[in-house]
Amino acid sequence: MKKNHSHTKSTKLYDGITDIRDDLIDHAKPHWKHKKKTWRFTAAAAVFAAAAALAAALFPFGNPASTSAHIIQKADYPQSAPYPDEAAYTDKNGNIKDSFDDAYDAWWEDTSKRRQLANGYADSMDGFLSKSIQQFLSASPGENIAYSPLNLYLALGMLAELTDGSSRQQLFDLLDCKDLKTLRSRANSLWNANYCDDGATARILASSLWLNESVRYVPSTMKSLAKNYYASSYQGKMGSKEYTRMMHDWLNKQTNGLLKEQVSGIDVLKENTILALATTVYFRGKWLSEFLPENTSPQTFHTASGDRECDFMHKEETDETYYWGKHFSAVSQTMGDSGSMWFLLPNEGVTVDDLLSDSQAMDFIVSKDRSQWKHQKNVLVNLAVPKFDISSQINLADGMKTLGITDVFDPEKSDFSPMTRNTDGIYLSQAKHAVRVAVDEQGVTAAAYTVMSMSGGGSTMPEEVIDFVLDRPFLFIITDAAGLPLFAGSVCQPE
């Protein structure tokens with residue numbers, strides 16, 4: 001099929017990533033100021049996604065900070081062996097040097113070791129994935145929306161570290177964890193399985209705690225959070241422009257600037273905030289087989305509000321595994337060692353919200369091994385995917401309450417005793433989540449943050465050649481190499 005090329009140049013999302021590490025902050029002499037107040041507890045997070053949550057268990061009782069912000073505990077991120085660039089190992093005659101094999105073996109050994117350490121990390125997460133994806137992607141029918149289960153999971157895990165009693169148990173029930181030991185093991189495994197910054201793949205997770213200057217903290221808790229959640233801890237004057245700017249800079253750095261507009265609106269470091277927590281995820285993966293720019297051409301996308309023209313990427317008659325259920329069909333595109341991106345197209349007359357309430361579709365979405373899916377076949381696929389760059393913000397509070405997390409929002413019921421002895425009036429006052437996902441011919445870039453403030457049936461077999469055209473609202477899932485959903489979203493209007 002001949003394509004008319006009409007390609008609009010856009011800003012490339014793959015110019016590399018800055019070194020994402022915490023900057024050292026000048027230390028100042030600590031002092032203690034005792035102020036009796038009703039505290040709000042704040043947590044902020046940003047990604048790739050990403051996510052954020054609540055504060056760490058704190059206090060017997062490290063010295064409080066001074067008015068100058070400083071670092072309390074620095075987390076050491078996992079180090080990734082560099083993926084060898086073939087160009088650097090190619091001689092002037094175009095031959096690959098023998099040293100390339102040694103470099104590749106070193107990279108593969110490091111990658112395999114991390115995967116072995118994280119073996120089984122995705123077990124027992126299906127309940128959380130299914131409930132939360134259905135809850136948060138259904139929040140705004142007809143709109144572009146995206147969500148990072150990985151980001152929120154780590155945020156809620158950190159919140160569990162700060163709470164006790166029924167507040168903690170509600171979190172355990174949603175996360176399907178029986179105790180902190182299980183949760184810490186799973187969180188650490190999630191990190192080791194997904195953190196990668198080897199020059200070819202970027203899946204970068206980061207966490208931080210931002211304490212009020214008057215907070216006395218438990219040093220052992222700070223060390224535990226650094227070990228299990230890779231969370232660096234800071235302390236400074238809440239409400240000051242300096243401290244707020246420092247947090248915004250941290251969030252923008254960890255998300256590579258993809259959520260700069262959303263970050264600018266974060267205002268959690270207020271005078272009466274005791275603590276803010278930020279967790280982030282940044283993701284960048286290149287297609288194993290890229291879409292050729294010359295095959296990108298305008299095409300009609302059908303929305304509920306009318307048709308619109310947008311650029312579609314095309315691949316003709318590629319050998320793919322085609323999946324289907326009673327109300328949907330699906331294909332995936334591999335991003336090498338980064339994982340895959342799955343596209344779920346509702347059948348004609350079926351909406352994305354219909355799929356989110358369909359048990360068969362949800363089983364497919366959370367499945368880690370789709371090779372066992374009953375309805376699948378290898379066929380030649382004519383694939384057409386609209387280029388898109390979408391962002392969304394979700395108010396998590398109502399959804400969290402629907403999922404059973406209620407006590408932390410109630411100052412009369414919340415229990416933050418692992419964090420501080422002065423627990424009166426501490427509650428979760430806001431919980432927000434922002435995600436951006438961009439798809440072009442080269443691959444996928446995504447980021448997300450969460451901010452929390454305390455204050456089938458019968459199916460028809462497909463033809464041998466399938467036209468899989470995403471020309472109406474559809475769902476997408478970005479998974480890691482083990483099939484765990486890192487991001488999920490719906491595209492109702494490609495932007």
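Residues numbered from 1 in each chain as written. Predicted model: local features only at pLDDT ≥ 70, side-chain atom pairs only at ≥ 80, totals over all residues. Heavy atoms only, no water.

Novice: I would appreciate a short explanation of the overall build of the protein in the present structure.
Specialist: Within the protein, the secondary structure is distributed over eleven helices and 20 strands. Per-residue burial for the protein yields a buried fraction of 57% across its 495 residues. Accessible area of the protein: about 20500 Å², with a carbon and sulfur share of 45%. (Helix = DSSP H or I, 4+ residues; strand = E, 2+ residues; numbered from the N terminus. Buried < 20%, exposed > 50% of the residue type's maximum accessible area, 1.4 Å probe, protein only. Areas by Shrake-Rupley, 256 points an atom, 1.4 Å probe, with all protein chains shown as cover.)

Novice: Would you mind showing me how to read the pairing of strand β7 (residues 202–212) here?
Specialist: Side-chain direction in a regular strand flips from residue to residue, so the side chains alternate between the two faces of the sheet. Burial runs high along β7: eleven of the eleven residues are buried. Taking every second residue as pointing to the same face, both faces of β7 are buried, with Ala202, Ile204, Ala206, Ser208, Trp210 and Asn212 on one and Arg203, Leu205, Ser207, Leu209 and Leu211 on the other. Pairing of strand β6 (residues 196–197) with β7 involves two bridges; the strand directions are antiparallel. Directly across from Asp197, in β7, lies its bridge partner Ala202. The hairpin turn running from β6 into β7, its antiparallel successor, is four residues long, and Gly199 in that turn takes a positive phi close to 95 degrees. (Pairing = 2+ DSSP bridges.)

Novice: Help me understand the nonpolar core, please; the structure alone is not making it clear to me.
Specialist: The nonpolar side chains of a soluble globular protein tend to be buried, and buried together. Counting residues in hydrophobic clusters, the biggest one holds 145 residues, and the most contacted among them are Leu156, Trp210, Met341, Met400, Val437, Phe468 and Phe476. Take this core: its biggest share by element is ten residues, from helix α3 (residues 149–162). If near-sequence neighbours (up to four positions away) are discounted, Phe468 is found in contact with Tyr322, Ser329, Ala330, Val331, Phe343, Leu345, Val381, Asn382, Leu383 and Ala384. (Core = buried A, V, L, I, M, F, W, Y, C linked by side-chain atoms within 4.5 Å. Contact = heavy atoms within 4.5 Å.)

Novice: Explain helix α5 (residues 180–194) to me, please; I cannot follow it from the model alone.
Specialist: Three- or four-residue spacings in an α-helix give side chains the same orientation, since the helix completes a turn every 3.6 residues. Relative to the 21 Å expected for 15 residues at 1.5 Å per residue, α5 spans 21 Å between its end C-alpha atoms, a close match to the ideal helical length. For α5, the set of buried residues is Leu180, Leu183, Arg186, Ala187, Ser189, Leu190, Trp191, Asn192, Ala193 and Asn194. N-capping of α5 is provided by Asp179, with a side-chain oxygen placed 3.4 Å from the backbone N of Lys181. (Expected span 1.5 Å × (residues − 1). Polar contact = N/O pair within 3.5 Å; in protein donor to acceptor, adjacent residues only side chain to side chain.)

Novice: Looking at this model, I keep getting lost on the packing of α5 against helix α6 (residues 219–229). Mind explaining?
Specialist: The packing of two helices is summarised by the inter-axis angle and the distance between the axes. One way to put it is that α5 packs onto α6 with a least axis distance of 8 Å and a crossing angle of 50 degrees. Taken together, the axes of α5 and α6 lie oblique to each other. Of the residues in α6, those in contact with Leu183, Arg184, Ala187, Asn188 and Trp191 of α5 are Ser224, Lys227, Asn228 and Tyr229. Across the contact of α5 with α6, the residue classes break down as four nonpolar, three polar and two charged. (Axes fitted to C-alpha atoms, helices over the stretch in contact; angles between N-to-C directions. Parallel < 35°, antiparallel > 145°, perpendicular 65-115°, else oblique. Nonpolar A, V, L, I, M, F, W, Y, C, P; charged D, E, K, R; others polar.)

Novice: Honestly, α3 in this entry has me stumped. Any pointers?
Specialist: The terminal C-alpha atoms of α3 lie 20 Å apart, and with 14 residues this matches the ideal 20 Å at 1.5 Å per residue to within 8%. Most of α3 sits out of view: 14 of its 14 residues are buried.

Novice: Just to check I follow, could you spell out the pattern of salt bridges for this structure?
Specialist: For the structure on display, the rule yields seven salt bridges. The salt bridge involving Arg436 is made with Asp389; its shortest N-O contact spans 2.7 Å. With Arg436 in strand β16 (residues 430–439) and Asp389 in strand β15 (residues 388–395), this residue pair connects regions lying 47 residues apart in the sequence. Classification of Asp389 by relative accessible area gives partly exposed; the value is 27%. (Salt bridge = Lys/Arg side-chain N within 4 Å of Asp/Glu carboxyl O.)

Novice: How should the side chain of Ser392 be read in this particular structure?
Specialist: Its place among the elements puts Ser392 in strand β15. There is a polar contact of 2.9 Å between the side chain of Ser392 and the backbone nitrogen of Ala146. Sequence-distant contacts of Ser392, defined by excluding residues within four places in its chain, comprise Asn144, Ile145, Ala146, His433, Ala434 and Val435.

Novice: Quick question: what am I supposed to make of the pairing of β16 here?
Specialist: Here β16 lies mainly inside the structure; eight of its ten residues are buried. Pairing of β15 with β16, which is carried by eight bridges, proceeds in the antiparallel orientation. Note on β16: the bridge partner recorded for Asn395 is Lys432.

Novice: Can you walk me through the packing of α3 against helix α4 (residues 165–175) in this structure?
Specialist: Relative orientation of the contacting elements α3 and α4 amounts to 150 degrees, with a least axis distance of 9 Å. Taken together, the axes of α3 and α4 are roughly antiparallel relative to one another. In the crossing of α3 with α4, the sense of the turn from one axis to the other is left-handed. Between α3 and α4, the contacting residues are Tyr153, Leu156, Gly157, Leu159, Ala160 and Glu161 on the first element and Arg168, Leu171, Phe172, Leu174 and Leu175 on the second. Grouping the amino acids of the contact of α3 with α4 by side-chain chemistry returns eight nonpolar, one polar and two charged. (Left-handed = near helix turned anticlockwise from the far one by under 90°.)

Novice: Looking at this structure, I do not really get a negative patch on the surface. What am I missing?
Specialist: Together, Asp98, Asp101, Asp102, Asp105 and Glu109 make up a region of like negative charge exposed at the surface. Within the secondary structure layout, Glu109 lies in helix α1 (residues 99–117). Judged by its relative accessible area of 51%, Glu109 falls in the exposed class. (Patch = residues over 30% accessible without salt bridge, like charges linked within 9 Å, V, L, I, M, F, W, Y side chains within 5 Å. Lys, Arg positive; Asp, Glu negative; His and termini not counted. Charge placed at Lys NZ, Arg CZ, Asp CG, Glu CD.)

Novice: Is there a simple way to think about the packing of aromatic side chains in this case?
Specialist: Working definition: an aromatic ring pair is given by the centre-to-centre distance plus the angle between the planes. Enumeration over the complete set of coordinates arrives at 29 aromatic pairs. In textbook terms, an aromatic cluster arises when at least three aromatic residues are bridged by ring pairs, as seen for Tyr83, Tyr89, Phe100, Tyr104, Trp107 and Trp108. Of note, Lys401 hangs over the ring of Phe409, and the distance from its end group to the ring centre comes to 5.0 Å. (Phe/Tyr/Trp six-rings, centres within 6.5 Å; stacked < 30°, edge-to-face > 60°. Lys NZ or Arg CZ within 6 Å of the ring centre and 35° of its normal.)

Novice: Please explain a nonpolar patch on the surface as it appears in this structure.
Specialist: Residues Tyr83, Tyr104 and Trp108 make up a contiguous nonpolar surface patch of about 280 Å² in total accessible area. Along the chain, Tyr104 turns up in helix α1. We classify Tyr104 as partly exposed; its relative accessible area is 30%.

Novice: Explanation requested: unusual backbone geometry in the structure shown.
Specialist: With the exception of glycine, most residues fall at negative phi, and the peptide bonds are largely trans. Phi is positive for Asp176, close to 55 degrees, though the residue is something other than glycine. With respect to the helices and strands, Asp176 occurs in the loop between α4 and α5. According to the relative accessible area criterion, Asp176 is partly exposed, its value standing at 47%.

Novice: I'm lost on the environment of Met400 in this one. Help?
Specialist: Residue placement: Met400 occurs in helix α11 (residues 396–402). Given a relative accessible area of 2%, Met400 falls into the buried group. The spacing of Met400 and Phe136 is 264 residues in sequence and 9.2 Å in space, taken between C-alpha atoms. Beyond its immediate stretch of four places on either side in the chain, Met400 contacts Phe136, Leu156, Ile405, Phe409, Leu428, Ala431 and Met452.

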